[in-house]
Amino acid sequence: MSDIDWLVGTIVEFSNSEPCHRAIIRSANKEIVALASITNGEIYKLSVETLYDLKEGEKLKLLTETKNLGELAFIDLKDQEQTYVSRRLRYLNRIYDNDITKITPNTAIQVIEEVALELNEKAPHWQTVRNWHNAYTKSGSKLKSLYPKNRYRGYREDRLDPRVIKIIEKESKKYYRDSQPSIASMERNVEAKIIEHNLKNPYDTLAKPTYKTIQLRIDKALYQDKIRSRKGESQLRKELLGTTSGIETERILERVEIDHTPLDIDVLHDVHKTLLGKPFLTVLIDHYSHMVLGYLLSFENPSFSSVCVACLNSFLPKGDFTESIGTLGEWPAHGIPSVLATDNGNEFWGNEFVNVADEIGTILQYCKIRRGNEKSRVERFFGIVNTTVLDDLPGVTRKVDRKAESYNAGQDAKLTFSEFKTYLAKWIVDVYHNTPLSKSGQTPNEIWTESETHFPVAEESQQDLLPALLSTTIRRLNPGGSISIFSMTYSSEILKDIYRRDGPKDMTVKSNKFDLGSILVLDKTNNIYIEVFCDNYSYAAGLSYFEHKKVLHEIRKKKQNSNDSLVLQTAKVQLANEREAMHKKNFRRKTQTTTTNAARAEKIGIDNVIQFGRISTLSVDQDNEIDDDLTLEGWSID
């Protein structure tokens, strides 16, 4: 039994079709071989001993061992082989045309020589033609009987010394390592072993194999073993799974996938025209229709806050937005998904986002690590954007092997952030949503519209969604009706009324980390949120938590009082001036550097996206300056 290798990928044929006609070897060890029927994929597990007995009894054969051309059609043959078949058939047809039923020297030689003269070749021996005739007749006049067997000619035994083969096989195991050594390294190792043997055995030397011989020996290994050993199990799994996930949905919003990626393009500041760098794209894709439910384009690193803004943009209707940028078509996608599929990023795993999912009534589904195919829709969308949308835009970043030596994406950047934002939005609404899918032939727009007629989607209210999609924490209600958070104080007459009613107590606080001007405080007695403004509103209005931390850092460096409004304002102005100086300096430089942190501080892509509307009737101190722009009007995708 040891002389038979049950190699993975070999097809086995059973003469009595038991357990099936043909099956491919799926896996094998020293005792059991697993086979899959090539007809229906059914799995069979047979012992090595059983398979050996079937082979010895000629009830089983390995198709790789048979000396025929299998099920190859004439068109599948090589050009030279087709010529051979046509040539042989021409001799036989002339034999039949002359009513020759028995091929002998007297009956066939003259005819054979006539055909050879026409073909301008040496005439084959009459017995050779007789062999062609016999094979053709026995097969029922099938062309396959005339197929050449030249691929099975030649020296079939291994010319290498078995000891050299053993050395190559031993060294080839080192080839399948994570470090990925080269074939040249394997050649040097084999050569060293052979030299070592020859020095010890001067009267029994071994010949050194060529580089090509060693390469062919190493390449005989299964592809799955090569990938698993050199690139890892996850890469093999990824290749085997491809981009399909096996997940099926039957309606829109049944499953939505969310993910982030830095886009491969550098963009410029809208005003200063200095280099900002690569923006992040957070996108939500409906699995059933392939439609983009919504997205966020900004310089904010993936975080709970940025995810919530992307969700707000996705769940709300988008009519005002498409009208503002002048798209040709409409963007009907909106609504809360039944399942939201995410990766394992910290922004999704935190209690905050789990609470958000519970509050809006969606189920979070965490995809397995390194299983990109479980979010196949969003992964494919990122691929389309980076390879198709960005490919010919100025400022696109290239891999080393896809750019000229002198190419510099930063210097080639021409688009401002707002220009690119509008370009991307129009492409999504007017192009991507109206491009037919290869599988169904329908466009995402058509699929969404058709599904929505059967499964109507309720229109969500911004007023209801805002509290759910904000950062949540618990803070103590202090005497005087104030709450301390972000090293600042928020107070109002309404909070004083609550304090008179309940006294000091823990309260649920919602905050927008892109605008610290006000917070929402939950009055559990009345089950409503109260908007409370920062005591130092002129400093906090429109200020992001990212920028606020930078201000506090500057104050602490100078050991100043962080409660001093003038100090806070001064530090804020100082940092703003530094950003301004950075842009001006960059503008004068021939080789610009990215100013991503400045973009985050300026909330590029996020400003005016999510600001508190009037959640309830508010009583605000007259000392607080309230800007009318606080009210969120319409919807913004950025």
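Okay, so let's go over this structure. Each chain has its residues counted from 1, running along the sequence as written. In keeping with the predicted nature of the model, local features appear solely for residues at pLDDT of at least 70, side-chain atom pairs appear and are counted solely at 80 or more, and the whole-chain, interface and lining totals rest on all residues. Side-chain numbers come from the whole structure's heavy atoms, not from hydrogens or water.

1. Observations concerning the state of the cysteines
Phase 1: For this text, the term disulfide refers to a pair of cysteine sulfurs within 2.5 Å. Within the structure shown, the criterion is met by zero disulfides.
Phase 2: Sulfur of Cys-311: no disulfide; nearest cysteine sulfur belongs to Cys-308 and is 6.1 Å away.
Phase 3: The rule is simple: take the accessible area with a 1.4 Å probe, protein chains only, and divide by the maximum for that residue type; under 20% is buried, over 50% is exposed, in between is partly exposed. What makes Cys-311 buried here is its relative accessible area of 2%.

2. Overview of the pairing of strand β10 (residues 292-298)
Phase 1: Helix and strand labels come from DSSP, where a helix needs a run of H or I of at least four residues and a strand needs a run of E of at least two; each type is numbered from the N terminus. Across the seven residues of β10, seven count as buried, placing the element largely inside the fold.
Phase 2: Note on pairing: DSSP must find at least two bridges between two strands before they are called paired. Sheet topology note: the strand β9 (residues 280-286)/β10 ladder contains six bridges and is antiparallel. Across the sheet, Val-283 pairs through a bridge with Tyr-295, a residue of β10.
Phase 3: As consecutive antiparallel partners, β9 and β10 are separated by five residues, and within that stretch His-290 has a phi angle of approximately 70 degrees, a positive value.

3. With respect to the pattern of salt bridges
Phase 1: Salt bridge criterion: a side-chain nitrogen from Lys or Arg within 4 Å of a carboxyl oxygen from Asp or Glu. In this structure the tally under the stated criterion is 19 salt bridges.
Phase 2: Across the pair Arg-163 and Asp-204 runs a salt bridge whose closest N-O atoms are separated by 2.6 Å. Of this pair, Arg-163 sits in helix α5 (residues 162-175) while Asp-204 sits in the loop between α6 (183-200) and α7 (211-219), and the two are 41 residues apart along the sequence.
Phase 3: For Asp-204, a relative accessible area of 34% translates into the label partly exposed.
Phase 4: In this structure, a network of salt bridges that share partners links the residues Arg-90, Arg-94, Glu-114 and Glu-118.

4. Quick word on the nonpolar core
Phase 1: By nonpolar core is meant a set of buried Ala, Val, Leu, Ile, Met, Phe, Trp, Tyr and Cys residues that side-chain atoms within 4.5 Å join together. In terms of nonpolar packing, the biggest core is built from 64 residues, with Tyr-295, Phe-381 and Phe-420 touching the most fellow members.
Phase 2: With eight residues, the single largest contributor to this core is helix α10 (residues 304-315).
Phase 3: Ranked by size, the runner-up nonpolar core spans 19 residues in total, among them Phe-486, Val-521, Cys-534 and Tyr-539.

5. Some thoughts on the pairing of strand β1 (residues 11-14)
Phase 1: Bridge count for β1 against strand β2 (residues 22-28) is three bridges, and the pairing is antiparallel. Following the sheet pairing, Val-12 is matched in β2 by Ala-23.

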